[in-house]
Amino acid sequence: MAAVQRPSMDDVLPRVGREAALAGLVTLALTATMVGLHTVPGAQSRLTLEFRFGDVLMAVVLVFFGRMALAFTREGFPAYGLGIGVLIVAGSLLYPGLPTVVEIMGVGAGAIVGINAVWRLARPMRPDRPPPKTSAQLMDDVAAWVQRQSVVIGVVGVAFAIALPFLFPDRSSIDLATLVMTYIMLGWGLNIVVGLAGLLDLGYVAFYAVGAYSYGLLAQYFDFSFWLCLPLAGLLAAFAGLILGFPVLRLRGDYFAIVTLGFGEIIRVVLQNWSSFTGGPDGIASIPRPSFFGIAEFTSAPEADGLPSFHTLFGLEFTPLHRLIFLYYLILILALVVNAVSLRIRRLPLGRSWEALREDDVACQSLGINRRNIKLAAFTISAMFGGFAGSFFATRQGFISPESFTFIESAIVLAIVVLGGMGSQTGVVLAAILIIGMPELFRELEEYRMLIFGAAMVIIMVWRPRGLLAHRVPTVTLHGGRRKGGPSPGQRPEQVPAE
Amino acid sequence: MILTVDNVHTFYGAIEALRGVSLEVDEGEIVTLIGANGAGKSTLLMTICGNPQARSGQIVFDGETITRTPTFQIVRKGIAQSPEGRRIFPRMTVLENLQMGALTSDPAHFDGDLERIFALFPRLRERSGQRGGTLSGGEQQMLAIGRAMMSRPRLLLLDEPSLGLAPMIVKQIFEVIEDINREQGVTVFLVEQNAFHALRLATRGYVMVNGEITLTGTGAELLSNEEVRAAYLEGGH
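Residues numbered from 1 in each chain as written. Chains lettered and ligands numbered in written order. Predicted model: local features only at pLDDT ≥ 70, side-chain atom pairs only at ≥ 80, totals over all residues. Heavy atoms only, no water.

**Structural notes on the interface of chain A and chain B**
Part 1 of the argument: Every contact between the two is made by 37 residues of chain A and, on the other side, 33 residues of chain B.
Part 2 of the argument: Buried area between chain A and chain B, summed over both chains or domains, comes out near 3,200 Å², and the portion from carbon and sulfur atoms is 54%.
Part 3 of the argument: The three residues of chain A that bury the most area against chain B are A:Glu359, A:Leu367 and A:Arg472, which together make up 20% of that side's buried surface.
Part 4 of the argument: Counting the contacts that link chain A with chain B gives two salt bridges.
Part 5 of the argument: When the shortest N-O distance is used, the salt bridge between B:Arg87 and A:Asp360 registers 2.8 Å.
Part 6 of the argument: Our enumeration of links across chain A and chain B arrives at five residue pairs in polar contact (both at pLDDT 80 or more). (Contact = heavy atoms within 4.5 Å. Buried area = accessible area lost by both parts, 1.4 Å probe. Salt bridge = Lys/Arg side-chain N within 4 Å of Asp/Glu carboxyl O. Polar contact = N/O pair within 3.5 Å; in protein donor to acceptor, adjacent residues only side chain to side chain.)

Now the structure itself:
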């Protein structure tokens, strides 16, 4: 770009107009039936069609102007883009009688195109300067930075997670934090199979279910306590992982995904239909809550089952929050254990072999790696973590039924792993907060929240196709004298040219 | 004999890719197998490594029958393969790729082995922190050979190391192969389409046509053989 010439408005206008009109047309085609036609129960319980031209029109207008603003900005007229953005925001806020959701979308869209324009205004293209970094490149830098600073970020994150119940000491915040933490743990567990070993597992919920039902059933039939059941649930889930592992050993790619999907459904259907043993669709109710490490119970009475209550033991005022906070810390500890184990394994030959399997399984075999064993190991370890999470889920809810273990759960956990960036531990945290936290925060928007959620997923995957924090830091380097995780320590420092 | 392949038949489904192949590799030799595209050269290498396994016949390595041994154990016995198309791990760094090769060998040898590989391929030292996928074709081939050498093999199987490389680089690669054989005492079994370079290097050679061995002789004999010249040398050079 030796001589950047400012294009003339006459050239740009038809192009921008065409682009905006085309985008509007596409929107019209998409929304005409999906938004425009609405079935309502009419007289004599018959369905009648209702036409919502207004909604379609609003969508088309919004897309038309939004696209126009983006196009102007791109063609070198960011001021026009900014103007249209401001108009969209103002119009959405001021036009009387707009539904709330349209208002929110309008303001959001206007803000996005406006910010895009301001960005360009602030950094005009100049021939003597390298072109500004695209947002994707910026995000690459962010991802690399996050991975490099993972220790610091981890410490700050854990400190925040520990302080959280005291910063927001109310029931709904702690419940939400516990939920998010459960999914972080599931995400970290699944990350071993999907992110590291590169095997697309669509049935992870099966192990979650095995863990939950292990605890539920052992407690129901044998009156086992949570602290006894937690390791047992992990073992049983690991065993389930091993059983699933064998038939899928020879499979790859799509076939592998389908079999795991089937396995997830089989577990659920068995739980649903084996009524005499599992309670069938009614599930298992009144699953016992965990005690405080077998020392104290969380009851309002000063004593129960021969154990003192938590508040009398520690001389506190009774509040039901104690149990919730305890549960939160429990899942926090479980999740951190999963994380620590994953990070450790990653540096061992086993973890490396998983990565090799992901990258090229033929080469992997020709290096003397036993594919069968490492696949089974990935499956078993990941299933065990799922089982721990499942038994936690059972004790937290106090009630489980097959309904909690549908395919959508597997899909959500998989989405967390993929969205975060395959194999990235920090990415899982970020994605879990986004995927679980966001819909909870936008609950007021009712059914539209899923729309926004879907849009956000699409945007992220277009913008960062390999996940938010996809960046792999090498585990060994020659320079610096100290190698982490290498087969032998002590390498003489070498000069390695910067990449 | 370090490797004996005796009347081996290999099938892909109903298709017979190897029709009774027999050959021998002696300790310390460089043996070359040449042949046209689709003759079954790569299939033979893969069969030696046990993937796919031979349907009938026998493969003996160092006095031990390995026809039915699983691939990963064959590698542990001392056969390393640099597979067709290099197949390095693109997202791992050069150093990590080399480490993967050392997975089956004693960690105590690691530093020394690494130095040996870097001495053979100084380029790999320069690139040690770089991802495998960002290397040039020639460097990737060096990495594939280096990775195979990290398992301290007694027999090194090389599948078309010259594939898609510039003539200059091909020459370098073949010099290193000679080095590996002469200096480090590793027996080399080389599969090549680039018959000229391969035969010049080889102690002995075999020619494969349609899954069968049709000719054998020393490298020099095959180089001067009329049929070989007509089929594999004249057109290409």
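**Thoughts on the domain arrangement of chain A**
Part 1 of the argument: Here chain A is partitioned into domain 1 (9-132) and domain 2 (139-480).
Part 2 of the argument: Computed over C-alpha atoms only, the centres of domain 1 of chain A and domain 2 of chain A are separated by 39 Å. (Domains from an automatic or database assignment.)

**Looking at the side chain of A:Asp360**
Part 1 of the argument: One can find A:Asp360 in the loop between α14 (349-359) and α15 (361-366).
Part 2 of the argument: The class of A:Asp360 is buried, set by a relative accessible area of 11%.
Part 3 of the argument: A polar atom in the side chain of A:Asp360 sits 3.1 Å from the backbone nitrogen of A:Ala363.
Part 4 of the argument: Non-local contacts of A:Asp360, meaning those with residues more than four positions away in its chain, are made with B:Arg87 and B:Phe89. (Helix = DSSP H or I, 4+ residues; strand = E, 2+ residues; numbered from the N terminus. Buried < 20%, exposed > 50% of the residue type's maximum accessible area, 1.4 Å probe, protein only.)

**Re the pattern of salt bridges**
Residue and element names in this part refer to chain A.
Part 1 of the argument: Inspection of the entire model under this criterion finds 25 salt bridges over all chains.
Part 2 of the argument: Among the ionic pairs, Arg358 bridges to Glu359, the shortest N-O distance being 3.6 Å.
Part 3 of the argument: Judged by its relative accessible area of 15%, Glu359 falls in the buried class.
Part 4 of the argument: A network of salt bridges, in which partner residues are shared, links Arg15, Glu19, Arg67, Arg74 and Glu75.

**Looking at the nonpolar core**
Part 1 of the argument: One finds A:Met181, A:Met185, A:Phe207, A:Trp354, A:Ile400, A:Phe405 and A:Ile416 to be the most contacted residues of the largest nonpolar core, which totals 100 residues.
Part 2 of the argument: Top element by residues in this core is helix α7 (residues 171-196) of chain A. It accounts for 14 residues.
Part 3 of the argument: Excluding residues within four positions of it along the chain, A:Trp354 makes contact with A:Ile192, A:Leu196, A:Ala197, A:Ile345, A:Ile374, A:Ala377, A:Ala378 and A:Ile381.
Part 4 of the argument: Formed by 37 residues, the second largest nonpolar core is a distinct cluster that contains B:Ile88, B:Ile117, B:Leu190 and B:Leu201. (Core = buried A, V, L, I, M, F, W, Y, C linked by side-chain atoms within 4.5 Å.)

**A few points about the environment of B:Thr71**
Part 1 of the argument: By the secondary structure assignment, B:Thr71 is in helix α2 (residues 71-76).
Part 2 of the argument: Classification of B:Thr71 by relative accessible area gives buried; the value is 7%.
Part 3 of the argument: With sequence-adjacent residues up to four places away left out, B:Thr71 is seen in contact with A:Gln365, B:Cys49, B:Gly50 and B:Asn51.
Part 4 of the argument: Within polar-contact distance, the side chain of B:Thr71 engages the backbone oxygen of B:Cys49 at 3.0 Å.
Part 5 of the argument: In terms of polar contacts, B:Thr71 uses its side chain to reach the backbone carbonyl oxygen of B:Gly50, at 3.5 Å.

**Considerations on unusual backbone geometry**
Backbone geometry follows two general trends: most residues other than glycine have a negative phi, and most peptide bonds adopt the trans configuration.
Part 1 of the argument: Between B:Asn51 and the following residue, B:Pro52, the backbone shows a cis peptide bond with an omega angle of 5°.
Part 2 of the argument: By secondary structure assignment, the location of B:Pro52 is in the loop between α1 (41-48) and β4 (56-61).
Part 3 of the argument: One non-glycine residue, A:Asp223, lies in the positive phi region at around 60°.
Part 4 of the argument: Position of A:Asp223 among the secondary structure elements: in the loop between α8 (205-222) and α9 (226-248).
Part 5 of the argument: A residue is classified by how much of its surface remains accessible, and A:Asp223, at 66% relative accessible area, is exposed.
Part 6 of the argument: With phi around 45°, B:Asn210 is a residue other than glycine that occupies positive phi space.
Part 7 of the argument: In this fold, B:Asn210 is placed in the loop between β9 (204-209) and β10 (212-218).

**Digging into the packing of α7(A) against α14(A)**
All names here are of chain A.
Part 1 of the argument: At a closest axis distance of 8 Å, the pairing of α7 and α14 adopts a crossing angle of 45°. When the axis of α7 is compared with that of α14, the two are oblique. Side by side, α7 and α14 meet where Ile192, Gly195 and Leu196 of the first sit next to Trp354, Glu355 and Arg358 of the second. (Axes fitted to C-alpha atoms, helices over the stretch in contact; angles between N-to-C directions. Parallel < 35°, antiparallel > 145°, perpendicular 65-115°, else oblique.)

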